[in-house]
Amino acid sequence: MPLAASFDISITAWALAFAAAIVIGLSKAGIKGIAIVNVTLMALAFDAKASTGIVVPLLIVGDIFAVIYYNRHANWWYIARFLPWILVGILLGVLIGNDLDEDVFKIAMAIIILVSVVMMYWWDRRKSKRVPTHWAFAGFVGTIAGITTMIGNLGGAFSNIYFLAMRVQKNEFIGTAAWLFLIINVIKLPLHIFVWKTVTTETLLFDLKLVPGIFLGVFLGIRLVKLIKEDFYRKMILVLTALGALMILIK
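Here is what the cut-offs are and how they apply
Residues numbered from 1 in each chain as written. Predicted model: local features only at pLDDT ≥ 70, side-chain atom pairs only at ≥ 80, totals over all residues. Heavy atoms only, no water. Helix = DSSP H or I, 4+ residues; strand = E, 2+ residues; numbered from the N terminus. Contact = heavy atoms within 4.5 Å. Areas by Shrake-Rupley, 256 points an atom, 1.4 Å probe, with all protein chains shown as cover. Core = buried A, V, L, I, M, F, W, Y, C linked by side-chain atoms within 4.5 Å. Buried < 20%, exposed > 50% of the residue type's maximum accessible area, 1.4 Å probe, protein only. UniProt positions renumbered as here; feature names shortened; annotations may be inferred. Axes fitted to C-alpha atoms, helices over the stretch in contact; angles between N-to-C directions. Parallel < 35°, antiparallel > 145°, perpendicular 65-115°, else oblique. Left-handed = near helix turned anticlockwise from the far one by under 90°. Phe/Tyr/Trp six-rings, centres within 6.5 Å; stacked < 30°, edge-to-face > 60°. Lys NZ or Arg CZ within 6 Å of the ring centre and 35° of its normal. Patch = residues over 30% accessible without salt bridge, like charges linked within 9 Å, V, L, I, M, F, W, Y side chains within 5 Å. Salt bridge = Lys/Arg side-chain N within 4 Å of Asp/Glu carboxyl O.

Asker: Help me understand the overall build of the protein chain, please; the structure alone is not making it clear to me.
Answerer: Along its length, the protein chain carries 11 helices and 0 strands. Along the protein chain, from the amino end to the carboxyl end, the secondary structure elements read α-α-α-α-α-α-α-α-α-α-α. For the protein chain, the share of sequence-separated contacts (at least 6 apart) that also reach a separation of at least 24 residues comes to 86%. Carbon and sulfur atoms make up 72% of the accessible area of the protein chain, which totals about 11,700 Å².

Given below as structure tokens:
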């Protein structure tokens, strides 16, 4: 359903949106790989394109919480190397987003994610300490991340792949991703407002009512991350990212 006035939104849509807000909080707190769940829930509650505009301000709120808590763990070297390619992808996403067939996009993205996860699993099984150093790796993954984050708020899966390939440790992973996506989502916001017109006063007022869900998700996520050991965290990200790709296919 498209977003109407707040009092016209069904109880089911409210429940789905609030659940999505909790998932955003969990994801921003470090439970990476589940971001696809919030995208799916929002798309079930509202039209697909309308839902992207609703989600972006919520992501920024979650990013701010994550930056405040994990700021000391951020590694700006990774951001400087990865961010320019994401910006290229965002611009491409703006240009092609209106005309791209959604089914083709979903299938291609899911296949790329699954292939990447299989490669990362194989990489881990080899116990190799080598990391990709060629600019083409950051360029390809970053551009795809930019396109997918603009069109469907799904760039997290590809940033996960990049950070895992770089063998970034758990807290550094979370802190670096927090700053990276705060920058990305702030850049995306005016594009949604002025180009796609998916963010309006109405959607922002609706988002404001969902902020407690994000806070709850962040609170729970921070505590869960503390309980997760480093080796298990890496495996968990791979599994959740793969499940997210499968959800894209069946959504």
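After that view, the rundown keeps rolling.
Asker: How do you make sense of the environment of Leu208 when you look at a structure like this?
Answerer: By secondary structure assignment, the location of Leu208 is in helix α9 (residues 201-208). Sequence spacing of Leu208 and Pro57 is 151 residues, and the spatial spacing of their C-alpha atoms is 9.1 Å.

Asker: Help me understand the nonpolar core in this model?
Answerer: The nonpolar side chains of a soluble globular protein tend to be buried with one another. Membership of the largest hydrophobic core comes to 67 residues, with the highest contact counts inside it found for Met42, Phe46, Tyr162, Phe163 and Leu180. Those residues in contact with Met42 that lie beyond four places of it in its chain are Ala17, Ala20, Ser51, Ile54, Val55, Leu58 and Leu210. Ile60, Ala66, Val67 and Ala178 belong to the second largest nonpolar core, which has 6 residues in total.

Asker: Help me out: how do you make sense of the UniProt feature "transmembrane region" (unreviewed entry) in the protein chain in this one?
Answerer: Cross-referencing UniProt, the feature "transmembrane region" (unreviewed entry) maps to residues 53-70, 76-97, 104-123, 135-165, 177-196, 208-225 and 232-250 in the present numbering. Span residues 76-97 is 95% helix and 0% strand, its end C-alpha atoms 29 Å apart. Taken as a whole, residues 135-165 contains 90% helix and 0% strand, while its terminal C-alpha atoms sit 13 Å from one another.

Asker: Would you mind showing me how to read the packing of helix α7 (residues 156-165) against helix α8 (residues 170-195) here?
Answerer: If you want to describe how two helices pack, look at the angle between their axes and the distance between the axes. One can describe the packing of α7 onto α8 by two numbers: an axis separation of 11 Å at closest approach and a directional angle of 140°. The angle between α7 and α8 places the two elements in the oblique class. In the packing of α7 onto α8, the handedness of the crossing is right-handed. Residues Gly156, Ser159, Asn160, Phe163 and Leu164 of α7 touch α8, and the partners they reach there are Phe173, Thr176, Ala177, Leu180 and Phe181.

Asker: I tried to follow the packing of aromatic side chains on my own but got confused; where do I start?
Answerer: Within a pair of aromatic rings, the relevant descriptors are the distance that separates the centres and the angle that separates the planes. In total, this model carries 14 aromatic pairs according to the counting rule given. Among the aromatic residues, those joined into a ring-pair cluster are Trp77, Tyr78, Phe82, Phe137, Tyr162, Phe163, Phe173 and Tyr233. Between the NZ or CZ atom of Arg72 and the centre of the ring of Tyr69, over which it lies, the distance is 6.0 Å. In this structure, Arg223 packs its charged tip against the face of Phe219, placed 3.9 Å from the ring centre.

Asker: Would you explain unusual backbone geometry in this entry?
Answerer: Look at Arg167: it is not a glycine, yet its phi comes out positive at around 55°. With phi around 55°, Lys197 is a residue other than glycine that occupies positive phi space. Its location among the elements puts Lys197 in the loop between α8 and α9.

Asker: I tried to follow a nonpolar patch on the surface on my own but got confused; where do I start?
Answerer: A contiguous nonpolar surface patch, about 850 Å² in accessible area, is contributed by Ile107, Ile111, Val115, Met119, Val239, Leu243, Leu246, Leu249 and Ile250. Of all elements in the fold, only α5 (102-125) and α11 (230-250) reach the threshold of two or more residues within the nonpolar patch. Ranked by the residues each element gives to the nonpolar patch, the list is headed by α11, at 5 residues. Within the secondary structure layout, Leu243 lies in helix α11.

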